[in-house]
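For reference, the chains in residue letters:
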Amino acid sequence: MKPVYITSDNIITSLGFTTAENMESLNNHISGLKMVDDPRLYPSPVILSLVATDLMENRFSGILAKFKKDTPATHFTRLEKLFILSISEALSKTGTNPNDPRTILVISTTKGNINLLEERYKAVFNHRRIFLWELGRIVAEFFGFRNAPVIISNACISGLVAIITAARMIQTGQFEHAVVAGGDIASEFVISGFQSFQALSPHPCKPFDKERTGLSLGEGCGAMTLTSSPIASEEPSVIYAGGAITNDANHISGPSRTGEELSLAINRALAKASVAPDEIDFISAHGTATLYNDEMEAKAIGLSHLTPVQVNSLKGYWGHTLGAAGLIESVAAIHSIRSGRIFRSEGYDQPGVSVPLNIIEHHESKPVNRCLKTASGFGGCNAAIVYQKL
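Conventions we followed
- Residues numbered from 1 in each chain as written.
- Predicted model: local features only at pLDDT ≥ 70, side-chain atom pairs only at ≥ 80, totals over all residues.
- Heavy atoms only, no water.
- Helix = DSSP H or I, 4+ residues; strand = E, 2+ residues; numbered from the N terminus.
- Rg over C-alpha atoms; globule rule 2.2 N^0.38 Å.
- Buried < 20%, exposed > 50% of the residue type's maximum accessible area, 1.4 Å probe, protein only.
- Areas by Shrake-Rupley, 256 points an atom, 1.4 Å probe, with all protein chains shown as cover.
- Lys, Arg positive; Asp, Glu negative; His and termini not counted.
- Charge placed at Lys NZ, Arg CZ, Asp CG, Glu CD.
- Phe/Tyr/Trp six-rings, centres within 6.5 Å; stacked < 30°, edge-to-face > 60°.
- Lys NZ or Arg CZ within 6 Å of the ring centre and 35° of its normal.
- Core = buried A, V, L, I, M, F, W, Y, C linked by side-chain atoms within 4.5 Å.
- Contact = heavy atoms within 4.5 Å.
- Pairing = 2+ DSSP bridges.
- Expected span 1.5 Å × (residues − 1).
- Salt bridge = Lys/Arg side-chain N within 4 Å of Asp/Glu carboxyl O.
- Axes fitted to C-alpha atoms, helices over the stretch in contact; angles between N-to-C directions.
- Disulfide = S-S within 2.5 Å.

*Asks:* Hey, could you run me through the overall build of the protein chain in this one?
*Replies:* Along the protein chain, the regular secondary structure elements total eleven helices and 16 strands. Taking 2.2 N^0.38 as the reference for a compact globule, 390 residues should give roughly 21 Å; the C-alpha atoms of the protein chain span a radius of gyration of 19 Å, in line with that estimate. A principal-axis box enclosing the C-alpha atoms of the protein chain has dimensions of 55 × 50 × 40 Å. For the protein chain, the residues scored as buried account for 61% of the 390 residues in total. In the form shown here, the protein chain has an accessible surface area of approximately 15000 Å², with 52% of it arising from carbon and sulfur atoms. With 34 positive and 37 negative side-chain charges, the protein chain shows a separation of 4 Å between the mean positions of the two kinds.

*Asks:* Help me understand the packing of aromatic side chains in this model?
*Replies:* Given two aromatic rings, their pairing is described by the distance between the two centres and the angle made by the two planes. In this structure the tally under the stated criterion is nine aromatic pairs. Taken together, the ring pairs connect Phe60, Phe67, Phe76, Phe142, Phe143 and Phe145 into an aromatic cluster. Of note, Lys69 hangs over the ring of Phe142, and the distance from its end group to the ring centre comes to 4.7 Å. Lying across the ring of Tyr292, Arg257 places its NZ or CZ 4.4 Å from the centre.

*Asks:* Please clarify how the nonpolar core should be interpreted in this entry.
*Replies:* Across soluble globular proteins, you tend to see nonpolar side chains buried next to one another. In this structure, Ile163, Val180, Met224, Leu226 and Tyr387 are the most contacted members of the largest nonpolar core, which totals 48 residues. Contact partners of Ile163, with chain neighbours within four places excluded, come to Val180, Met224, Leu226, Tyr240, Gly326, Leu327, Ser330, Ile385 and Tyr387. Listed in part, the 31 residues of the second largest apolar core include Ile63, Leu105, Ile107 and Ala140.

*Asks:* What's the story with the sheet that holds strand 3 (residues 46–49) in this structure? I'm lost.
*Replies:* In sheet architecture, strand pairing relies on hydrogen bonds along the backbone and comes in two forms, parallel and antiparallel. Here three strands make up an open sheet; going across it, the order is 2-3-7 and the pairing mixed. Two strands bound the open sheet, and with one partner strand each, they are strand 2 (34–36) and strand 7 (217–218). Pairing analysis gives three bridges linking strand 2 to strand 3, with the strands arranged antiparallel. Across the sheet, the residue bridging to Met35 is Ile47, located in strand 3.

*Asks:* Any chance you could explain helix 11 (residues 325–339) here in plain terms?
*Replies:* Helical geometry: 3.6 residues make up each α-helical turn, so side chains three or four residues apart lie on a common side. The end-to-end C-alpha distance of helix 11 is 21 Å, a good match for the 21 Å that 15 residues give at a rise of 1.5 Å each. Within helix 11, 14 of the 15 residues are buried, leaving the element largely enclosed by the surrounding structure. Of the residues trailing helix 11, Gly340 is marked for its positive phi of about 65 degrees.

*Asks:* Any chance you could explain the pattern of salt bridges here in plain terms?
*Replies:* Oppositely charged side chains may form a pair once their charged atoms are brought near each other. A complete count under the given rule lists 19 salt bridges for this structure. Note that Arg40 and Asp38 form a salt bridge whose closest N and O atoms lie 3.2 Å from each other. Look at the salt bridges and you will find they share partners, linking Asp100, Arg102 and Glu176 into a network.

*Asks:* Which parts of the structure should I look at to understand the sheet that holds strand 8 (residues 220–227)?
*Replies:* Within the open sheet, the eleven strands sit side by side as 5-4-6-8-1-9-16-15-10-11-13. Their pairing is mixed. Sheet topology places strand 5 (150–152) and strand 13 (358–359) at the edges, where each strand pairs with a single neighbour. Pairing between strand 4 (residues 103–108) and strand 5: three bridges, direction parallel. Each bridged residue has a counterpart across the sheet, and for Ser108 the counterpart in strand 5 is Ile152. Contacting strand 4 and strand 5, helix 5 (residues 132–143) crosses the sheet at an angle of about 135 degrees to strand 4.

*Asks:* Help me understand the state of the cysteines in this model?
*Replies:* Put plainly, a disulfide is one covalent bond tying together the sulfur atoms of two cysteines. One pass over the full model with this rule turns up zero disulfides. Lacking any disulfide linkage, Cys156 is separated from the closest cysteine sulfur, that of Cys381, by 7.3 Å. In this structure Cys156 comes out as buried when scored by relative accessible area, which is 10%. Cysteine Cys371 remains unbridged, with the sulfur of Cys205 as its closest cysteine sulfur at 18 Å.

*Asks:* Before we go on, may I ask you to explain the environment of Gln171 in this structure?
*Replies:* With respect to the helices, strands and loops of the structure, Gln171 is situated in helix 6 (residues 158–171). The spacing of Gln171 and Ser228 is 57 residues in sequence and 7.6 Å in space, taken between C-alpha atoms. Once residues lying within four places of it in the same chain are set aside, the contact partners of Gln171 are Met1, Lys2, Val4 and Tyr240.

*Asks:* Quick question: what am I supposed to make of unusual backbone geometry here?
*Replies:* Leave glycine aside and you will find that most residues have negative phi; peptide bonds, for their part, are mostly trans. Look at Lys68: it is not a glycine, yet its phi comes out positive at around 55 degrees. On the secondary structure map, Lys68 appears in the loop between helix 2 (53–66) and helix 3 (78–91). The backbone of Ala155 sits at a positive phi, close to 50 degrees, despite the residue not being glycine. Within the secondary structure, Ala155 is located in the loop between strand 5 and helix 6.

*Asks:* I would appreciate a short explanation of the pairing of strand 9 (residues 238–247) in the present structure.
*Replies:* On a regular strand, one side chain projects to one face of the sheet and the next to the other, so that they alternate. Most of strand 9 is tucked away: eight of the ten residues are buried. Relative to strand 9, strand 1 (residues 4–12) runs antiparallel, the two sharing three bridges. Across the sheet, residue Ile6 finds its bridge partner in strand 9, namely Val238. With nine bridges joining them, strand 9 and strand 16 (residues 381–389) adopt antiparallel strand pairing. If you follow Ala244 over to strand 16, its bridge partner there is Ala384.

*Asks:* Would you take a moment to explain the environment of Leu372 for this structure?
*Replies:* Here Leu372 lies in strand 15 (residues 370–377). Take Leu372: its relative accessible area is 0%, and that puts it in the buried class. Along the primary structure Leu372 and Ala333 are separated by 39 residues, whereas in three dimensions their C-alpha atoms are 8.6 Å apart. Once residues within four sequence positions are removed from consideration, Leu372 is found in contact with Ile266, Ile280, Phe282, Ile283, Ser284, Leu306, Ala384, Ile385 and Val386.

So, to be careful, I would describe these as geometric facts and stop short of saying anything about function.
See below:
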């Protein structure tokens, strides 16, 4: 199989519009989770991590000018703007050419333009814009991608599945380059849906903690470029070393009670990367702070003989960004590998799962050669990826 190099990336969250801005906020223990009182999103105040709208609009105007687009900014939805901004920043740091027939765009999202169901948008955008393929078409056409984009929507593992899909396309020789982007926004539909499950915490989320009371939602967009060809860089090269996907088929929303199926994804990812459990330097966990997800994930880590390995969840900084989570958290993990800096699992104070985990309680500088990234989602889907420094 061809190696898959990660050549550039970007993160947009409440903590910033670039990877550097987000990593600086993490390093300074800054969380973007705030109590938001906006009746258009939910009738009562709710903890959210929201991208700054004014800054987004300002930056998007600059992107329209940069790409010499005559289309007004109002033509694009909030999510489309986030995708275009994040992909643009990632492309600016690499030689990847969207118009190259050897380049593919892979997009991950759970809900897409779901906010267009709201009355305030129905008169503004054509109803077709709610279809995921239409979102993909608009983003692809903005940059001039020659190939039709691949759209991944597989609950909260969508981001990791998109990366795995793009990597496999490169490994099998279908394409030489891939641009992968994942995004979702906070909307009335999404917030109400999670509230109906009684899954939202009234306080900033506390992954793996004894006092955790549910997840916190966030919005954002992550992007990265993958290629079969290494490029000269002052930063250490990081590769996608292996990934796997499983499904436990336990329940439409509840995860496996044993963790065996996520453990299977982890074991397969390690095997594809030719890596033993004791060679993993830290785990970037899904860590939603819901009662059952954290417990299941802890059991899976134990079954895969990874309990000594340091673990964090970054959702205490920017919330659960759904289809963006796999991309955003992967980019952060890759920068931990490059910088040798791992981050505290924000919100964690005391053990709250049945399998003892080595939760990262303080930022730490250490050599990091390999990271395991995990994710799980509704429908019992699971995914795991190993990232490795060369």
